[in-house]
Amino acid sequence: MSDFETVIGLEVHTQLNTKSKIFCSCSTSFENRPNVNICPVCCGYPGTLPVFNKKVLDLAVRVCLALSCKINKTIYFERKNYFYPDLPKNYQISQYKMPLGEGGFLELSSKKIRINRIHMEEDAGKLVHKDDYSLVDFNRTGTPLLEIVSEPEINSPQEAFDYLNALKLILQYINVSDCDMEKGSLRCDANISLRKKGNTQLGTKVELKNMNTFKGARTALEFEIKRQTNVLNRGERIIQETRLWDTDKAKTTAMRTKEQAQDYRYFPEPDLLDFSVTKEVIEKEKNFIGELPLEKKKRFLKIYKISIKEVDIFINSPFLADFFEEVLKHYPKDQEVSNWFLGPFLEQVNTLGGKFDQIKISAHNFAKIIKYFCEGKINNLAAKKILSLSITTDDDIDAIIEKEKLIQISDRGELEAFIEEVVGLNPKPVQEYLEGKDKAIMFLVGQVMKKTKGKANPKITREMIERRVKK
Ligand SMILES: [Zn+2]
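Residues numbered from 1 in each chain as written. Predicted model: local features only at pLDDT ≥ 70, side-chain atom pairs only at ≥ 80, totals over all residues.

Chemist: In this structure, what is going on with helix α14 (residues 438-451)? I would like to understand it.
Modeler: For the α-helix, the turn length of 3.6 residues means that residues three or four positions removed from each other point alike. Taken together, the buried positions of α14 are occupied by A440, L444, V445, Q447 and V448. Viewed end-on, α14 has its buried residues packed into an arc of 155°, placing them on one side of the element. Every exposed residue of α14 that faces more than 90 degrees away from the buried side is listed here: D438, K439 and K450. Where α14 is buried, its residues touch α12 (412-425), α13 (427-434) and α15 (458-469). In the segment just after α14, K453 is the residue with positive phi, at about 55°. (Buried ≥ 20, exposed ≤ 12 C-beta atoms within 10 Å, placed from the backbone. Helix = DSSP H or I, 4+ residues; strand = E, 2+ residues; numbered from the N terminus. Arc of directions from axis to C-beta. Contact = placed C-beta atoms within 7 Å.)

Have a look at this one:
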């Protein structure tokens, strides 16, 4: 057992989904060629003036409210001075002394992590390093970012992973960011330090950067705990520095000794006026915050008779959770509906590339498929086929059944001829079944399915075959 306790604080940068940048009207789209979404303001030309995009404030206020932060009355921006090759002004407009929000928290299932601060700032551009030269793309320069800083009270890499997932889900629920890590719209840095168990003072912290996924963050933190434990066990001191996570080598390497805040020479941005967040903005944004993930989870567990594992899958996708509840309004059988969602429905979504935006089927029609299946009107195979035919079209279910002739054959008289034929043609499997090989009967059911083009009721078919061969 280690003598040390881990203390982690996380800084998450999320890109707010506004159409235009934070201080100019350039588009925030990343789908264009490099350096087309730029103007004299975001390129830092002398004599230009920034104009604050009010939509950024709206979304930022929404995040503060969802994380129970106090919103400061007077808002102003400051300049963070630094050499930024991808931010031509050579300072970043950010908030320092007076962030937008302070003192909130994020509730995990086991613990509350306090949020220290939430502030607005502009993003830098993108550098692409080639062999002996670098290219710069300013399209991202000036994209609105929100930095969400936790208190250093996360105690393990797994807890950090849970915090990141919970935060991402809240941001998705309140519709402020697409949280797409691949596009860089969600990024995280971590501060990590170790201290002797029982100590109240924090140890020397190391900042970790370049963790591109939440899993990557967890692995990087695990590595860093081992590295720092070894340093301390050798009686050496931890150097305060920034370290980069190298995914390929699975280790962190020193990047630079960490700047102190005073190195950035923060000072109030003279080109933007102070302003206050009005009650109207706060009231308006409150209305955009519906039920948050943890509340939804508690409610689902209380009212639906499905497992916690199933509940988690629904909660992790706002689309799935809402659609599940809609379908239940039309066919209130929790477990059956859940099975169809987590089985055939998600299989179909996967074949569509995992994207929900192509799903057109209405709750009413999806409920009808499940109902027809549960009532025995159609079998599993037919139900799946109908789902695949209607999922992106919302075509009429009854019309599909009629057109594709998918009504299940449950009539014993009608099935009898098929069963006679199959039993007659397959003496070997019949014999094997009689000798106790259960698999053989599935083969025989399969044969009847084939002859009826998948329309035989499998339950009745099996029952009839069993009775027939035991004669
Ligand atoms: Zn611009």
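Chemist: Explanation requested: the sheet that holds strand β5 (residues 91-94) in the structure shown.
Modeler: Remark on secondary structure: sheet strands pair via backbone hydrogen bonds, oriented parallel or antiparallel. An order of β5-β4-β15 is seen for the three strands of this open sheet, with the pairing classed as antiparallel. On the outer flanks of this sheet lie β5 and β15 (267-268), each paired with one strand and no other. By the bridge criterion, two bridges tie strand β4 (residues 78-81) to β15 in an arrangement that is antiparallel. The partner of R79 across the bridge, within β15, is F267. (Pairing = 2+ DSSP bridges.)

Chemist: Mind showing me how you'd approach the domain arrangement of the protein chain here?
Modeler: When the parts of a complex come together, some accessible area is lost, and that lost area is often taken as the interface size. Assigned domains within the protein chain: domain 1 (4-286), domain 2 (293-404) and domain 3 (412-469). Using only C-alpha atoms to locate each centre, domain 1 and domain 2 end up separated by 38 Å. In this assembly, six residues from domain 1 lie in contact with four residues from domain 2. Per-element accounting of the side of domain 1 that touches domain 2 gives the leading share, five residues, to helix α2 (residues 157-173). Broken down by class, the residue content of the side of domain 1 that touches domain 2 amounts to four nonpolar, one polar and one charged. (Domains from an automatic or database assignment. Nonpolar A, V, L, I, M, F, W, Y, C, P; charged D, E, K, R; others polar.)

Chemist: Honestly, the packing of helix α1 (residues 54-66) against helix α4 (residues 279-286) in this entry has me stumped. Any pointers?
Modeler: When two helices pack together, you describe them by how their axes are tilted relative to each other and by the distance separating the axes. Where α1 meets α4, the closest approach of the two axes is 9 Å, and the angle between their N-to-C directions is 65°. Taken as axis vectors, α1 and α4 run roughly perpendicular relative to one another. As α1 packs across α4, the resulting crossing turns out to be right-handed. Packed against α1, whose contacting residues are L57, D58, V61, R62 and L65, the element α4 presents V281, I282, E285 and K286 at the interface. Among the residues forming the contact of α1 with α4, the class breakdown is five nonpolar, no polar and four charged. (Axes fitted to C-alpha atoms, helices over the stretch in contact; angles between N-to-C directions. Parallel < 35°, antiparallel > 145°, perpendicular 65-115°, else oblique. Left-handed = near helix turned anticlockwise from the far one by under 90°.)

Chemist: Hey, could you run me through the pairing of strand β10 (residues 144-150) in this one?
Modeler: Each regular strand shows side chains that alternate between the opposite faces of the sheet. Extensive coverage of β10 is indicated by the burial of five of its seven residues. In this structure, strand β7 (residues 112-122) lies alongside β10, joined through seven bridges in antiparallel fashion. Paired with H119 across the bridge in β10 is E147.

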